[in-house]
Amino acid sequence: MRTIHAVAGLAVVLALAGCQRTSMTDFGSNNTMSPAPVQAQPVPTVSSGQLAAPGDTSQFPAAPVSGTAAVGGVTAPGGTEVAAATNALDVTKESMVGNWRVSNAGASCDMFLTLTNLGSGSRGGTRGCAGELTAMGSWEVAGKQVVLKDRNGNPLARLFKTADSRFDGSTNGGQSVSLSR
């Protein structure tokens, strides 16, 4: 029985003596594969100053003059959109969702509106359109108007509901735009 123990012990010792480490690098040595450290970048100077007093409106732009519609940042001279805004039907965001046929400056194309959030509005897009509407990326309902926006959130066109499935308005460039189903 002692011989079996002696042989087993000798086999274990020989097996352990034959083991060696198989990794390529040492844990303590410098590894040439590691990335170089990131260099610090300069920071611009920070300015300080006194904030305006609460209620001070001197930093805001002047109010629009009468005879223009400046709803949402686009001014349309003459009052054409003012009349459309006063006669416009109520509109909800949910009623706008889906596919629309667009008539813009004599040409027609398709527009699809969703409720997926995109910035301050909802995602939308056009297919086959020309001019300003090719940049459309989002839309929103503001009061009784539908505002079509570019991919940066800037207004492109404003439309008002004139019938059950019809919206009429104009682009910032003054071209007429109609949506219908």
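Residues numbered from 1 in each chain as written. Predicted model: local features only at pLDDT ≥ 70, side-chain atom pairs only at ≥ 80, totals over all residues. Heavy atoms only, no water.

Student: Hey, could you run me through the sheet that holds strand E6 (residues 136-142) in this one?
Tutor: Strand pairs in the sheet, formed through backbone hydrogen bonds, run parallel or antiparallel to each other. Pairing in this closed barrel of 8 strands is antiparallel, and the strands run E3-E4-E5-E6-E7-E8-E9-E10 around the ring. Neighbour-to-neighbour, the strand axes of this sheet turn through a mean angle of 30°, independent of strand direction. One ladder, built from 6 bridges, connects E6 with strand E7 (residues 145-150); its direction is antiparallel. Residue pairing across strands places Ser-138 opposite Lys-149, the latter belonging to E7. (Pairing = 2+ DSSP bridges. Helix = DSSP H or I, 4+ residues; strand = E, 2+ residues; numbered from the N terminus. Axes fitted to C-alpha atoms, helices over the stretch in contact; angles between N-to-C directions.)

Student: Can you help me understand the state of the cysteines in this one?
Tutor: Here, the word disulfide means a covalent bond between the sulfur atoms of two cysteines. Applying the stated criterion to the full structure yields 1 disulfide. Between Cys-109 and Cys-129 runs a disulfide, and the two sulfur atoms are separated by 1.7 Å. Disulfide Cys-109 to Cys-129: torsion about the S-S bond roughly 75°, handedness right-handed. Placement of Cys-109 in strand E4 (residues 107-118) and of Cys-129 in the loop between strand E5 (121-127) and E6 is noted, with a sequence separation of 20 residues between them. The residues Cys-109 and Cys-129 share a single accessibility class, namely buried. (Disulfide = S-S within 2.5 Å. Buried < 20%, exposed > 50% of the residue type's maximum accessible area, 1.4 Å probe, protein only.)

Student: Looking at this model, I keep getting lost on the pairing of E6. Mind explaining?
Tutor: Looking along a regular strand, one sees the side chains alternate between the two faces of the sheet. In this structure, E5 lies alongside E6, joined through 2 bridges in antiparallel fashion. The partner of Arg-123 across the bridge, within E6, is Ser-138. Linking E6 to E7, which pair antiparallel, is a turn of 2 residues; within it Gly-143 sits at a positive phi near 70°.

Student: How should the environment of Val-177 be read in this particular structure?
Tutor: Within the secondary structure, Val-177 is located in strand E10 (residues 176-180). Taking the relative accessible area as the measure of exposure, Val-177 reaches 0% and is therefore buried. Between the alpha carbons of Val-177 and Arg-158 there is a distance of 8.5 Å; along the sequence they are 19 residues apart.

Student: Just checking my understanding: could you explain the pattern of salt bridges for this structure?
Tutor: When charged atoms on two side chains of opposite charge get close, those side chains can pair. Throughout the structure, instances matching the rule amount to 5 salt bridges. Here Arg-101 makes a salt bridge to Asp-110, at a shortest N to O gap of 2.7 Å. The partner of Arg-166 in a salt bridge is Asp-168, and the shortest N-O contact between them spans 3.1 Å. Look at Arg-166 and you get partly exposed, because its relative accessible area is 34%. (Salt bridge = Lys/Arg side-chain N within 4 Å of Asp/Glu carboxyl O.)

Student: Looking at this structure, I do not really get the side chain of Asp-110. What am I missing?
Tutor: Its place among the elements puts Asp-110 in strand E4. Accessibility expressed as a relative area gives 17% for Asp-110, which makes it buried. Here the side chain of Asp-110 touches Arg-101 through a polar contact of 2.7 Å, side chain to side chain. Those residues in contact with Asp-110, other than ones at most four positions away along the chain, are Asn-99, Trp-100, Arg-101, Val-102, Gly-125, Thr-126, Arg-127 and Cys-129. (Polar contact = N/O pair within 3.5 Å; in protein donor to acceptor, adjacent residues only side chain to side chain. Contact = heavy atoms within 4.5 Å.)

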